[in-house]
Amino acid sequence: MVRVVYQSHDGTRREVEGDVGTSVMETAIANGVPGIDANCGGACSCATCHVFVEPQWVPSIGEPSPMEQAMLEFVDSARPNSRLSCQIRITPELDGLVVTTPSEQQLI
């Protein structure tokens, strides 16, 4: 199991454990993490699982695929550290990963 920390825009933190090979989105849904709606179920076609990856973790998760990058272009609050949590696969190296949900997703 790998620890993932989900932080809401107001700073509320929730640490959960996820299985290696699952996505950060799947782990959030399985643990009832608010702010990650995942309307498309992880198909990289809706951006309702958008997160900001803490800067120190960006090199560890790599660059978004062209498909993911195209979806992020539709997100008004996108930043250089924006990712779709459905596209981040949990690996042992990501133990302690911290992601923040944008404020607009807290309304979902």
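Relevant structure appears above.
Now for the environment of Ile-29. In this structure, Ile-29 sits in helix α1 (residues 24-30). Ile-29 gets classed as partly exposed once you look at its relative accessible area, which sits at 44%. For Ile-29 and Glu-93, which are 64 residues apart along the polypeptide, the C-alpha to C-alpha distance reads 21 Å. Not counting the four nearest positions on each side in its chain, Ile-29 is found in contact with Ile-36, Asp-37 and Ala-38.

Right, let's get into the pairing of strand β1 (residues 2-7). Burial runs high along β1: 5 of the 6 residues are buried. With 6 bridges joining them, β1 and strand β2 (residues 13-18) adopt antiparallel strand pairing. When the sheet's bridge partners are listed, Tyr-6 is paired in β2 with Arg-14. Joining the antiparallel neighbours β1 and β2 is a turn of 5 residues, in which Gly-11 adopts a positive phi near 95 degrees. As judged from the 4 bridges shared by β1 and strand β5 (residues 97-100), these two strands associate in the parallel manner. The residue bridging Val-5 from the neighbouring strand is Val-98, located in β5.

Criteria and cut-off values
- Residues numbered from 1 in each chain as written.
- Predicted model: local features only at pLDDT ≥ 70, side-chain atom pairs only at ≥ 80, totals over all residues.
- Heavy atoms only, no water.
- Helix = DSSP H or I, 4+ residues; strand = E, 2+ residues; numbered from the N terminus.
- Buried < 20%, exposed > 50% of the residue type's maximum accessible area, 1.4 Å probe, protein only.
- Contact = heavy atoms within 4.5 Å.
- Pairing = 2+ DSSP bridges.

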